[in-house]
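Coordinates in review
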Amino acid sequence: MKVTQLYIYPIKSLRGISVSTASLCAQGLALDRRYVLLQRGPDGHWRNMFVGYQPEMALFHCSLDAINNAFTVTYHKPTPPITHPDPELSTALEIPIEPDFSSLEKISVEMHTSSSYPAYRMPEYINSWFTSWLGYEVVLAYLGDGLGIRDNSTPASQHWIQQLLPVIPENTLKDVNFSDTAALLVVSEASLRDLHPRIGEDVILEKFRPNIVVDGDELSEWDEDFWGELLIGENEERVILTSNCARCVSINVDLEKGVMGEGESGKLLKKLMKDRRVDKGKKWEPIFGRYGFPMHEGDINVGDEVVVSKTNEERTVWNGIVPRLAHV
């Protein structure tokens, strides 16, 4: 079995970037989900946006510009168009990989399990660009690398250790670079192929927003349900798989039109419901993919060998550990 694809998503819920090499770090993959788009709620708080509720987010594509230490977001106009901004407005915007904090306003963001997550509001020229294309007020916030917990002796990391004890063997806890989100999402192409006949066409892998995609001649569909640990590449980079990825309406989005899909592809969630509600802790949601944590920093590559170094006798059960930055 090998790594066949790697993806990073610089801005949560926007389109991802396919890369040939990625760096494991305390937060998962370097450059992954360091930014989030926010919309102001009725109470005045900024809340993170989600492609399942705002499918128009799928129209924003990202690409890396490593030379300039930046990435570019490009708006792909759908037919028919959703918004009608100034015709002179550029469809592309360059954003720094790591912005200068000194001139940025510090704000609190409402995330999945935190009502006041710290972030930095990006400059107005960036926010107005997104606002113009979306047709409603938004801001881009930088979350940075603060999501990771590198020191296992801190109260925060000890709290997460206690939460993760049911799913991670205690004798390996001392080696884990903890992140306060399920840092990585692993899926298999064998399981993806099992979905094609359900809708009568090829299911688009990108809808599932994986970080690491694997495939191999010996791999059968849904084998990953029972994986507990992977070793990747010559250096045997260890990834502990802790929980299942429960799916939601985001997989029904038409990525090219920026709206909820029509026809069979718009019923993908329903199709999965029939036989993939296999996690007793998420009994109403179908499962596709496994969340995990890297054990150490290191590089992984497309083409790397992948060894399943631990399997579970039964599927893991979701135990209430909610990723603050879900893979959507």
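For the structure itself, consult the block above.
In this text the structure is predicted, and so the values were computed from the model without any measurement.

1. Overview of the overall build of the protein chain
A count of helices and strands for the protein chain gives four helices and 23 strands. Relative to its full complement of 328 residues, the protein chain shows a buried share of 55%. The contacts of the protein chain with a sequence gap of at least 6 include a subset with a gap of at least 24, amounting to 72%. When the accessible surface of the protein chain is split by element, carbon and sulfur atoms take 49% of a total near 14700 Å².

2. Examining the pairing of strand β1 (residues 2–8)
Looking at chain direction, β1 and strand β16 (residues 212–215) are connected through four bridges and run antiparallel. Along β16, the bridge assignment pairs V3 with V214. Bridging between β1 and strand β2 (residues 17–19) involves three bridges; their strand directions are antiparallel. When the sheet's bridge partners are listed, L6 is paired in β2 with V19.

3. Considerations on helix α3 (residues 189–199)
Burial analysis of α3 places eight of its 11 residues in the buried class, the great majority of the element. Those residues of α3 that sit buried are E189, A190, S191, L192, L195, H196, R198 and I199. Check the buried side of α3 and you find it contacts β1, β15 (184–188), β16, α4 (268–273) and β21 (287–294). Residue G200 follows α3 closely and has a positive phi angle near 75°.

4. A few points about the side chain of E224
Tracing the backbone shows E224 in the loop between β16 and β17 (227–232). We note that E224 is buried and unpaired, the nearest opposite charge coming from R276 at a distance of 5.6 Å. Within polar-contact distance, the side chain of E224 engages the side chain of S191 at 2.7 Å. What E224 contacts, discounting residues up to four positions off in sequence, is S188, S191 and R290.

5. Considerations on unusual backbone geometry
Going from T79 to P80, the amide bond is cis rather than trans, its omega being 0°. Topologically, P80 is positioned in the loop between β8 (70–75) and β9 (92–96). Positive phi values are uncommon outside glycine, yet S13 reaches one of about 75°. A relative accessible area of 1% means that S13 is categorised as buried. At E236, a residue that is not glycine, the phi angle is positive and equals roughly 50°. Taking the relative accessible area as the measure of exposure, E236 reaches 48% and is therefore partly exposed.

6. Some points on helix α1 (residues 124–134)
Of all the positions in α1, only I126, N127, W129, F130, W133 and L134 are classed as buried. In a view along the axis of α1, the buried residues occupy a sector of 155°, so they form one face of it. At its buried positions, α1 is contacted by β5 (35–40), β7 (60–65), β8, β9, β11 (117–121) and β12 (139–142).

7. What to know about the packing of aromatic side chains
Overall, the coordinates contain 13 aromatic pairs when judged by the stated rule. Where F101 meets Y120, the ring centres are 4.5 Å apart and the plane angle is 5°; that geometry is what we call stacked. Of this pair, F101 sits in the loop between β9 and β10 (105–110) while Y120 sits in strand β11; the two residues are 19 residues apart in sequence, bridging distant segments of the chain. Consider the rings of W129 and F130, whose centres lie 5.0 Å apart with planes at 85°: the pair is edge-to-face. For F130, a relative accessible area of 0% gives the class buried.

8. Topic: the environment of L269
Here L269 shows up in helix α4. What makes L269 buried here is its relative accessible area of 11%. Taking C-alpha positions, L269 is 7.3 Å from R247, a pair spaced 22 residues apart along the chain. With residues up to four places along the chain from it excluded, the contact list for L269 reads R247, C248, V249, I251, N252 and P286.

9. Re the pairing of β12
Residues V139 and A141 line one face of β12 and the alternating positions L140 and Y142 line the opposite face, and both faces are buried. With four bridges joining them, β5 and β12 adopt antiparallel strand pairing. Along β12, the bridge assignment pairs Y35 with Y142.

The rules we used
- Residues numbered from 1 in each chain as written.
- Predicted model: local features only at pLDDT ≥ 70, side-chain atom pairs only at ≥ 80, totals over all residues.
- Heavy atoms only, no water.
- Helix = DSSP H or I, 4+ residues; strand = E, 2+ residues; numbered from the N terminus.
- Buried < 20%, exposed > 50% of the residue type's maximum accessible area, 1.4 Å probe, protein only.
- Contact = heavy atoms within 4.5 Å.
- Areas by Shrake-Rupley, 256 points an atom, 1.4 Å probe, with all protein chains shown as cover.
- Pairing = 2+ DSSP bridges.
- Lys, Arg positive; Asp, Glu negative; His and termini not counted.
- Salt bridge = Lys/Arg side-chain N within 4 Å of Asp/Glu carboxyl O.
- Polar contact = N/O pair within 3.5 Å; in protein donor to acceptor, adjacent residues only side chain to side chain.
- Arc of directions from axis to C-beta.
- Phe/Tyr/Trp six-rings, centres within 6.5 Å; stacked < 30°, edge-to-face > 60°.

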